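Residue-level structure breakdown
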Amino acid sequence: MFLGIDIGTSGVKAVITASDGQVVAQCAAALSVSRPHPLWSEQAPDDWVDATNRAVLGLDAGLRRAVAGIGLAGQMHGATLLGDDDRPLRPAILWNDGRSHAQCATLEANEPRSRAITGNIAMPGFTAPKLQWVREHEPEIFAATRTVLLPKDYVRLALTGEKASDLSDAAGTLWVDVAERTWSDAMLAATGLTRDHMPSLHEGPDVTGTLRAEVAAQWGMEPVPVVAGAGDNAAGALGVGVTGEGQGMLSLGTSGVIFVAGDAFRPNPARAVHAFCHALPGVWHQMSVHLSAASCIDWAANACRVGSPAEFFALAESAGAAAGPELFLPYLSGERTPHNDPHVRAAFLGLGNETTTARLAASVLEGVAFAHADGIAALREAGTQIEELAVIGGGSRSLHWGHILASVLGVRLLYLEGGEVGPALGAARLAQLASGASVAEVCTRPPVRAAIEPDAALAARLAPKQDQFRRAYRALHDLQESN
């Protein structure tokens with residue numbers, strides 16, 4: 001048995017897999033996000049550890065005793081600052097925090113080769129600009145910082161006592177030379193840091209320590225090995241067998257991601273495409289990243305007083321695609337690909353007396369699809385060929401949404417058995433790889449439960465709204481820029 005733990009934004013998920021890759025148990029524990037100021041998004045690092053304990057202890061005790069290895073996955077980019085005593089100096093600044101927009105320019109001015117080294121444009125979501133913000137606005141905290149860890153790696157420290165990270169997660173800090181797969185001294189110096197502030201760096205299946213005796217006793221396990229793991233998207237990709245050249249996935253979680261693996265480093269920073277290391281040695285990937293995806297469903301269901309996301313999906317389906325003029329721009333936390341715009345915010349347009357909750361729901365599904373279409377266009381501009389995507393995340397529960405997405409994106413979508421399990425499955429697979437199993441044996445694609453082809457007629461009906469969506473973004477950006 002192998003245990004995969006995913007430290008997400010809204011919760012921690014733990015899964016146990018058997019040696020044949022089947023998920024035999026899973027449990028989740030909720031997390032909350034603090035937003036004390038506009039653009040801010042923070043969490044208390046110890047909440048991750050508490051939620052991890054709750055999620056693991058919610059699994060069957062007999063299955064826990066059979067666990068032979070642990071893998072970690074987690075939300076990327078979060079800045080967790082530790083002092084001399086390895087305790088957090090402040091709340092962690094999360095991936096969807098937009099406060100460090102000005103510091104991105106400072107970072108790139110401090111190191112003009114930034115985009116060549118990292119393969120990415122500096123964005124507020126990444127970790128390095130957050131540290132530059134702390135350096136400028138909380139100098140006493142910055143001076144006291146001895147270690148910077150990503151969220152899953154803070155949990156690793158609690159579980160093993162070791163400070164370590166993996167390349168797929170660390171590549172999102174802007175402190176990694178992504179082509180060379182190592183820390184960049186130049187990028188660290190650009191934020192006043194050195195390698196001494198960083199954890200050791202590993203490939204995803206590498207063992208980074210063993211479970212501390214007291215944690216093992218609490219969980220009813222042996223002191224089993226803990227592997228480096230992966231960032232959430234890379235782990236999610238492994239969970240659905242996306243391991244090699246040209247294979248891709250669409251993740252519909254809190255954020256939305258189109259992820260394409262490759263055997264070479266292919267950056268395209270001009271269009272805010274992310275180019276990172278994959279969680280396997282010698283593999284890289286490109287991503288278009290949208291800061292709000294299934295989170296739009298949760299938000300809109302709550303705002304419309306609909307009981308659950310499932311009911312919201314049903315309302316949207318009852319209205320049908322392109323049912324009315326209502327338009328939703330899904331920028332609840334700003335946007336990355338292709339706009340790199342942390343300040344833009346969501347909006348409904350085209351509402352009238354005839355607007356119904358069902359038509360609002362339909363417009364939300366369409367708006368998220370249109371945003372992903374902008375992202376896939378940026379990937380294609382970089383020469384990436386995308387014909388098929390495996391779908392994971394909570395949004396994979398709605399095949400109606402899948403028909404809209406497939407048609408707007410112009411790709412075949414594969415809905416897989418267990419696709420909603422997400423990054424925790426990939427983390428467990430990395431733990432199994434450390435036991436000596438091969439990628440071909442472990443990182444297989446789950447059975448396909450549904451395949452959705454693009455519908456040319458539906459795409460044609462949605463095309464005018466998609467054009468309006470793009471024009472509306474430009475107007476909304478200009479309006480909010482002027483404020």
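Provided above is the structure to which this section pertains.
Described in the following lines is the structure provided in the data block.

Each value, and the rule that gives it
Residues numbered from 1 in each chain as written. Predicted model: local features only at pLDDT ≥ 70, side-chain atom pairs only at ≥ 80, totals over all residues. Heavy atoms only, no water. Core = buried A, V, L, I, M, F, W, Y, C linked by side-chain atoms within 4.5 Å. Buried < 20%, exposed > 50% of the residue type's maximum accessible area, 1.4 Å probe, protein only. Helix = DSSP H or I, 4+ residues; strand = E, 2+ residues; numbered from the N terminus. Contact = heavy atoms within 4.5 Å. Salt bridge = Lys/Arg side-chain N within 4 Å of Asp/Glu carboxyl O. Pairing = 2+ DSSP bridges. Axes fitted to C-alpha atoms, helices over the stretch in contact; angles between N-to-C directions. Parallel < 35°, antiparallel > 145°, perpendicular 65-115°, else oblique. Left-handed = near helix turned anticlockwise from the far one by under 90°. Nonpolar A, V, L, I, M, F, W, Y, C, P; charged D, E, K, R; others polar.

The subject of this paragraph is the nonpolar core. Core analysis: the largest hydrophobic core is formed by 70 residues, its most contacted members being L131, W175, M249, F259 and L430. The element best represented in this core is helix α16 (residues 423-433), accounting for seven residues. Dropping the residues within four chain positions of it, W175 is found in contact with T127, A128, L131, V148, T182, W183, S184, M187, L188, T191, L193 and M198. Core analysis: the second largest hydrophobic core is formed by 52 residues, A361, A371, L405 and L458 among them.

Before going further, it helps to spend a moment on the pattern of salt bridges. Using the criterion set out here, one finds 27 salt bridges in the structure. Two residues, D46 and R87, come together in a salt bridge whose shortest N-O distance is 2.4 Å. Of this pair, D46 sits in helix α1 (residues 45-57) while R87 sits in the loop between β6 (80-82) and β7 (92-93); the two residues are 41 residues apart in sequence, bridging distant segments of the chain. A relative accessible area of 38% means that R87 is categorised as partly exposed.

This part takes up the pairing of strand β3 (residues 23-30). Across seven bridges, the pairing between strand β2 (residues 11-17) and β3 is antiparallel. In the sheet register, T17 faces β3, and the bridge partner there is V23. Between β2 and β3, which pair antiparallel and follow one another directly, the connecting turn spans five residues, one of which, G21, has a positive phi of 90 degrees.

Across the sheet, which stays open at both edges, the seven strands sit in the order β18-β19-β17-β16-β22-β23-β24 with mixed pairing between neighbours. The open sheet has two free edges, formed respectively by β18 (274-277) and β24 (448-452), since each of these has just one partner strand. Averaged over neighbouring strand pairs, the angle between their axes works out to 25 degrees when direction is ignored. Pairing of strand β22 (residues 388-392) with strand β23 (residues 412-416) involves four bridges; the strand directions are parallel. Bridged to V391 within β23 is Y415. In this fold helix α14 (residues 357-381) packs onto β16 (248-252), β17 (256-262) and β19 (284-290), with an angle of close to 150 degrees to the strand it touches most, β19.

What follows deals with the packing of helix α12 (residues 294-303) against α14. Axis separation between α12 and α14 bottoms out at 10 Å; the angle between their running directions is 160 degrees. Taken together, the axis directions place α12 and α14 in an arrangement best described as roughly antiparallel. Of the two possible hands of crossing, α12 and α14 adopt the one that is right-handed. Only V364, L365 and V368 of α14 make contact with α12, whose side of the interface consists of C296, I297 and A300. The residue inventory of the contact of α12 with α14, partitioned by class, reads six nonpolar, no polar and no charged.

Okay, helix α11 (residues 232-239) next. Within α11, seven of the eight residues are buried, which leaves it mostly tucked inside the rest of the structure. Taken as a whole, α11 has its buried residues at N233, A234, A235, G236, A237, L238 and G239. Once α11 ends, the next one or two residues include G241, with phi positive near 80 degrees.

Let us now look at the environment of L193. Note that L193 resides in the loop between α9 (185-190) and β12 (200-202). Owing to a relative accessible area of 5%, L193 belongs among the buried residues under this scheme. Separated by 51 residues in sequence, L193 and F142 place their C-alpha atoms 9.8 Å apart.

Turning next to the environment of S255. Along the chain, S255 turns up in the loop between β16 and β17. Overall, the relative accessible area of 18% leaves S255 in the buried class. The spacing of S255 and F328 is 73 residues in sequence and 16 Å in space, taken between C-alpha atoms. Not counting chain neighbours up to four residues away, the residues in contact with S255 comprise W95, H290, L291, S292 and A293.

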